[in-house]
Number of protein chains: 2
Amino acid sequence: MRATLIHGPGDIRVETVPDPVLSTGRDAIVRVVAACVCGSDLWPYRGVTPTREPRRIGHEFVGVAEAVGEQVERVRPGDFVIAPFYVCDGSCANCRNGVSTSCLHGGWWGSADREGGFADGAQGERVRVPLADGTLAVVPGPVADEEVPGLLTLSDVMGTGHHAAVSAGVGPGDAVAVVGDGAVGLCAVIAAKRLGATTIIAMSRHPERQALAREFGATHVVAERGDAGIEAVRELTGGIGADRVLECVGTKESMDQAIRSARPGGMVGYVGVPNGGPELPVRRLFETNVGVNGGVAPVRGYIEELLPDVRSGAIRPGLVFDLELPLEEAAEAYAAMDERRAVKVLLRP
Amino acid sequence: MRATLIHGPGDIRVETVPDPVLSTGRDAIVRVVAACVCGSDLWPYRGVTPTREPRRIGHEFVGVAEAVGEQVERVRPGDFVIAPFYVCDGSCANCRNGVSTSCLHGGWWGSADREGGFADGAQGERVRVPLADGTLAVVPGPVADEEVPGLLTLSDVMGTGHHAAVSAGVGPGDAVAVVGDGAVGLCAVIAAKRLGATTIIAMSRHPERQALAREFGATHVVAERGDAGIEAVRELTGGIGADRVLECVGTKESMDQAIRSARPGGMVGYVGVPNGGPELPVRRLFETNVGVNGGVAPVRGYIEELLPDVRSGAIRPGLVFDLELPLEEAAEAYAAMDERRAVKVLLRP
């Protein structure tokens, strides 16, 4: 089959790789209907994180189950499935606590399966899915083609934006600031509105993303950054700062922006992968009682909650895809996102 | 009147100082019935924080109002009052949000009042209280002498332990670990039990404090620290760590202990004054979805909630006082706490 590999910074290639095969009895083979490129895929693409050898890449996909192992009970061949960006069993103590990203038996796409075999990267024609019963969410009934982008966001970005909002404790009437206007930040705007926030401040300098943020429910846009951005948020929040701030970037600057935009006693929900790891300024947090909560989003657990709203059109996260390309043009997909010509690119095998 | 001053590391003196006088119309003069020494008073005592010039010290007291300014409405002369460890107006946006420690018009004991005059340190015979209506909590009815220690804990340590538990989101059935066996840590055990935790692990190496922790509701005691302590907590929590961890020390080591003792998706509630400021390891927090919430405890807002349980004896935080001395022996009070001969010392003017 054909699948995407990263060979090094800026070097994305679609190559022929071995077809996946069932091997553990608890796995499934899924034909990928759509995959996409994640903001975090750009870290190795940009050389920020090293690529020591060519490896399979991609961790967001939806598709149709083609075959399942003999112990698989919840997924049947022919089912349309959504895969979260990780593997989980759905039954360990951490999964039961809602933190399936810390599954005691889980793993990651594009790497070895703990039980044996390989979990393919998502940017390919097929993926072998370990622990299929825990990992895959089945979408009931027929799935229309125009539903695919929305469903694909449940694989990562919509669930991740939702996690930022849940981690920050967003509730009815809250004033929420969102740091980051990538796909996750835009989905965080959707999530904040869905959870009842009445003031939603999108921090964005890009006219097209500002427009999408407003379409998703942002009541205000702040284009300034740093001290000016913080001052603008304060002016919109009675002089004290936002009740909840959703950090959806992962840099030292964005975390600083988030912490300083929160009011005393407020909470920062963060989901941006901290690259190189800004350490958090505990003294400032202490003095202001600003909390920090979040992390790698356990999106598997959110799929069933968000799915009805996606299918009904009550929320429309699929709009974050502003470019669609065939899988064979994966290299162009990365370039478009790297150069910010696209918010998020959908790939069709 | 007589009051306590710190002149430098290890140098505590009780001296004659000017009697306080009403000066703003919104203030009160309180005759101190009891004050005490705080763990955070030991930072300047030990020279960890500098003392540039002799200054008044102490920030926890209960007493009887002797006189009130003409604009004071809630406090009358003769009222028994509890003062939180800070001044607040109770009406600004931050106070209304429950973060009275960030009061827009507040201040601290032993320093200048923003409106004019001076807010005396608590370890003295009398204190001028700015913004008396916001700052002071009135205890209804007659107050028996044996009630005084319990009421005094509402000035700081009981409310601070409660804040750790509230910030961590402690609820019914939770497994909670408490890092720190000082007065605040012991009060955090009380708070965890009061909020419904069913497993409460006190981390303590001192037999007397272990015994008090058990009396307050600890179900387990872990004497080990570092990796061994974390392993012990894991063994008591199904192998994954505590749902909530209450950090009541404020050192880099204690925060590390707290963060690593929490299960994935757990929350650290911290109230230990971070001395020198350990920065928080965001990468580890991100990967495990462990949140960090808390800070300088807005205890004023907790007094009314906790007062009935203190007065009924349902909780007995006054037991943290294991030494009582006359005010004139303040220097010995500091020495006893510094040398850990006492958990917490009550001073009677």
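Every chain's residues receive numbers from 1 upward, in the order its sequence appears when written. Each chain is given a letter, starting from A, and each ligand a number, starting from 1, according to the order in which they appear as written. It should be noted that, the model being predicted, local features are given only for residues of pLDDT at least 70 and side-chain atom pairs only at 80 or more, the latter also being counted only at that level, while totals for whole chains, interfaces and linings use all residues. Water and hydrogen atoms play no part in the side-chain values, which are based on all heavy atoms of the structure.

Under an unreviewed UniProt entry, the name given to chain A is IMP dehydrogenase, and the source organism is Agromyces mediolanus. Quoted verbatim from the Cofactor (unreviewed entry) field of UniProt, the annotation for chain A is "Zn(2+)". UniProt positions are given in the numbering used here, feature names are shortened, and annotations may be inferred rather than shown by experiment. Under the heading Sequence similarities (unreviewed entry), UniProt records this for chain A: "Belongs to the zinc-containing alcohol dehydrogenase family."

Turning next to the environment of K252 of chain A. Residues and elements named next belong to chain A. Segments assigned H or I by DSSP are reported as helices when at least four residues long, segments assigned E as strands when at least two residues long, and all are numbered from the N terminus. By secondary structure assignment, the location of K252 is in helix 9 (residues 252-261). Here's how the labels work: a residue is buried when its accessible area is under 20% of the maximum for its type, exposed when over 50%, partly exposed in between, all with a 1.4 Å probe on protein chains only. Its relative accessible area of 57% is what places K252 among the exposed residues. With 78 residues separating them along the chain, K252 and D174 place their C-alpha atoms 25 Å apart.

This part covers the packing of aromatic side chains. What characterises a pair of aromatic rings is the spacing of the ring centres plus the angle enclosed by the ring planes. Note on ring pairs: Phe, Tyr and Trp rings are taken, using the six-membered ring of Trp, and paired if centres are within 6.5 Å. Classes follow the plane angle, with under 30 degrees stacked, over 60 edge-to-face and the rest tilted. Evaluation of the coordinates by the stated rule reveals 10 aromatic pairs over all chains. With centroids separated by 5.2 Å and ring planes inclined at 75°, the aromatic side chains of F61 of chain B and W109 of chain B adopt a geometry described as edge-to-face. One end of the pair, F61 of chain B, is in strand 5 (residues 61-68); the other, W109 of chain B, is in the loop between helix 2 (93-96) and strand 7 (111-112), and 48 residues separate them in sequence. Its relative accessible area of 1% is what places F61 of chain B among the buried residues. Taking relative accessible area as the criterion, W109 of chain B reaches 8% and is therefore assigned buried. Among the aromatic residues, those joined into a ring-pair cluster are F85, Y86 and W108 of chain A.

All names here are of chain A. Each assigned domain of chain A is listed with its residue range as follows: domain 1 (2-155 + 299-348) and domain 2 (157-294). Here domain 1 and domain 2 have C-alpha centroids that lie 27 Å from each other. Counting each side, the surface lost to burial between domain 1 and domain 2 is near 1900 Å², with a carbon and sulfur contribution of 63%. Values labelled buried area give the accessible surface lost by two parts on being combined, using a 1.4 Å probe and summing over both. By the criterion of area lost to domain 2, the three top residues of domain 1 are Y302, R340 and V343, representing 30% of everything that side buries. We count a salt bridge whenever a side-chain nitrogen from Lys or Arg sits within 4 Å of a carboxyl oxygen from Asp or Glu. Along the contact surface separating domain 1 from domain 2 lie 4 salt bridges. D181 serves as the salt-bridge partner of R340, at 3.0 Å between the closest nitrogen and oxygen. In protein, a polar contact means a hydrogen-donor-capable atom and an acceptor-capable atom, both N or O and within 3.5 Å, with residues adjacent in sequence counting only if both atoms are side-chain atoms; elsewhere, any N or O pair within 3.5 Å suffices. The interface formed by domain 1 and domain 2 contains 7 residue pairs in polar contact (both at pLDDT 80 or more). Looking at the side of domain 1 that touches domain 2 element by element, the count peaks at 3 residues for helix 11 (residues 303-312). Segmentation of the chain into domains, including their bounds, is taken from an automatic or database domain assignment.

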